[in-house]
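Observations on the three-dimensional arrangement
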Amino acid sequence: MNNQIHILGIAGSLRRQSYNRSALRAAQQLVPEGATLEIFELDGIPAFNQDEEQNPPAKVAELKKQVRAADAILFVTPEYNYSVPGVLKNAIDWASRPYGESAWDGKPAAIMGASVGNIATARAQYHLRQSMVFLNMFPLNRPEAMIANAADRFDAEGNLTDEPTKDHIRKLLQALVEWTRRIQQPPVKS
């Protein structure tokens, strides 16, 4: 298949100098041939309110539109209190509503995350995978991409400088593209 795979990247941090936002920008530069990666910023998404799910705010409508248009999703998440940051969970909730109209349904996805700690974002990534079960998303199982000791891998301007980490992100993105193509293939008729 020669179809171009469009990946939507979402960082689970609002902080401008976030290592996760920097990792997402690096991924945009490392995307394999045959794919594109567009970034959606979560700034400005209000707290989820079920009273407004039938008429969501413009930023939420744009999120849902971009998720639906994407072939695959790349989540880049920090870990807050052993889990997914509230801003990311909030965006996921908005785009999954109203019930039966989830924009996430059937989307292939990959997860990566960066942290100054040694175990990177393992717990947050596993919690995010739990949400994907209900969302009916298809997370890529491997490679896992947990960028530990992020302060040693990025420069002061947020540029990823560590070549092994760049290589790992390339492998993750290539695997996501291949996974997406497998999922998009029509079923074989018997």
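Overview of the structure. Here, residues in each chain are numbered from 1, in the same order as that chain's written sequence. Where local features are concerned, this predicted model is filtered to residues with pLDDT of at least 70; where side-chain atom pairs are given and counted, the filter is 80 or more; whole-chain, interface and lining totals use all residues. Here the side-chain values reflect all heavy atoms present in the structure, with hydrogen atoms and water set aside.

For the rest of this paragraph, the subject is the overall build of the protein. A helix here means a DSSP run of H or I that spans at least four residues, while a strand means a run of E at least two residues long, and both kinds are numbered starting from the N terminus. When its secondary structure is counted, the protein shows five helices and six strands. Traced from its N-terminal end to its C-terminal end, the protein shows the element sequence β-α-β-α-β-α-β-α-β-β-α. Relative to a compact globule of 190 residues, whose C-alpha radius of gyration would be 16 Å, the protein shows 16 Å and is just as compact. Structurally, the protein occupies a C-alpha span of about 45 × 45 × 25 Å along its principal axes. Counting every position in the protein, which comprises 190 residues, the buried fraction comes to 48%. In the protein, the proportion of contacts linking residues at least 24 apart, taken out of those at least 6 apart, comes to 78%. Based on C-alpha atoms, the radius of gyration is set beside the globule rule, defined as 2.2 Å times the residue count to the power 0.38. With a 1.4 Å probe rolled over the protein chains alone, any residue whose accessible area is under 20% of its type maximum counts as buried; one over 50% counts as exposed, and the rest are partly exposed. We call two residues in contact whenever any of their non-hydrogen atoms come within 4.5 Å of each other.

A word on the layout of surface pockets. Points on a 1 Å grid over protein atoms alone make up a cavity when a 1.4 Å probe fits among them but cannot get out, and a pocket when they form an open set with protein on both sides within 12 Å along at least five of seven lines; lining residues each have an atom within 4 Å of a point. Grid points are joined across faces, edges and corners, and a volume is the space filled by probe spheres set on the points. Put simply, the largest pocket is a space of about 160 Å³. Contributing to the lining of the largest pocket are Ser 96, Arg 97, Tyr 99, Gly 100, Glu 101, Ser 102, Asp 105, Phe 134, Leu 135 and Asn 136.

A word on the packing of aromatic side chains. For this analysis, a ring pair means two rings from Phe, Tyr or Trp (six-membered ring only for Trp) whose centres lie within 6.5 Å, classed as stacked if their planes differ by under 30 degrees, edge-to-face if by over 60, and tilted for the remaining angles. With the rule as written, the count across this model stands at three aromatic pairs. Judged by centre distance (5.4 Å) and plane angle (35°), the rings of Tyr 19 and Phe 154 are tilted. A residue pair is termed long-range when its members are at least 10 positions apart, and Tyr 19 in helix α1 (residues 19–30) and Phe 154 in the loop between β6 (145–147) and α5 (163–184) qualify at 135 residues. We classify Tyr 19 as partly exposed; its relative accessible area is 24%. On the basis of an interplanar angle of 45° and a centroid distance of 5.5 Å, the ring pair of Phe 75 and Trp 104 is categorised as tilted. Highlighted residues: Phe 75 in strand β3 (residues 72–76) and Trp 104 in the loop between α3 (86–95) and β4 (108–114), separated in sequence by 29 residues. Looking at Trp 104, the relative accessible area reads 1%, which means it is buried. Lysine NZ or arginine CZ positioned within 6 Å of the ring centre and within 35 degrees of the ring normal marks a charge as sitting over the ring. Of note, Lys 59 hangs over the ring of Phe 40, and the distance from its end group to the ring centre comes to 4.9 Å. Here the basic side chain of Arg 123 rests over the ring of Tyr 82, its NZ or CZ set 3.6 Å away from the ring centre.

So, about the environment of Gly 9. Its location among the elements puts Gly 9 in strand β1 (residues 5–11). With a relative accessible area of 0%, Gly 9 lands in the buried category. Beyond its immediate stretch of four places on either side in the chain, Gly 9 contacts Leu 24, Leu 37, Glu 38, Ile 39, Phe 40 and Leu 74.

Let us now look at the pattern of salt bridges. For salt bridges, the criterion is a side-chain nitrogen of Lys or Arg within 4 Å of an Asp or Glu carboxyl oxygen. A full pass over the atoms with the stated rule returns nine salt bridges. Of the charged contacts, one joins Asp 162 and Arg 153 as a salt bridge, the two residues approaching to 3.2 Å between their closest N and O atoms. Using a relative accessible area of 18% as the deciding quantity, one classes Asp 162 as buried. The partner of Asp 167 in a salt bridge is Lys 171, with the nearest N and O atoms 3.2 Å apart. With Asp 167 and Lys 171 both in helix α5, this residue pair falls four residues apart, about one helical turn. Members of the salt-bridge network, linked through shared partners, are Arg 16, Arg 21, Glu 41 and Asp 43.

For the rest of this paragraph, the subject is the pairing of β3. Counting buried positions over the five residues of β3 gives five, a clear majority of the element. Of the two faces of β3, the one holding Ala 72, Leu 74 and Val 76 and the one holding Ile 73 and Phe 75 are both buried throughout. Note on pairing: two strands pair once DSSP finds at least 2 bridges between them. Examined bridge by bridge, β1 and β3 share five bridges and lie parallel to one another. Note that in β3 the partner of Ile 10 across the bridge is Phe 75. Here β3 pairs with β4 via four bridges, running parallel. Bridging across to β4, Val 76 finds its partner in Met 112. The handedness of the β3 to β4 crossover, carried by α3, is right-handed. Clockwise travel from the first strand over the helix to the second, with the strands pointing away from the viewer, marks a crossover as right-handed.

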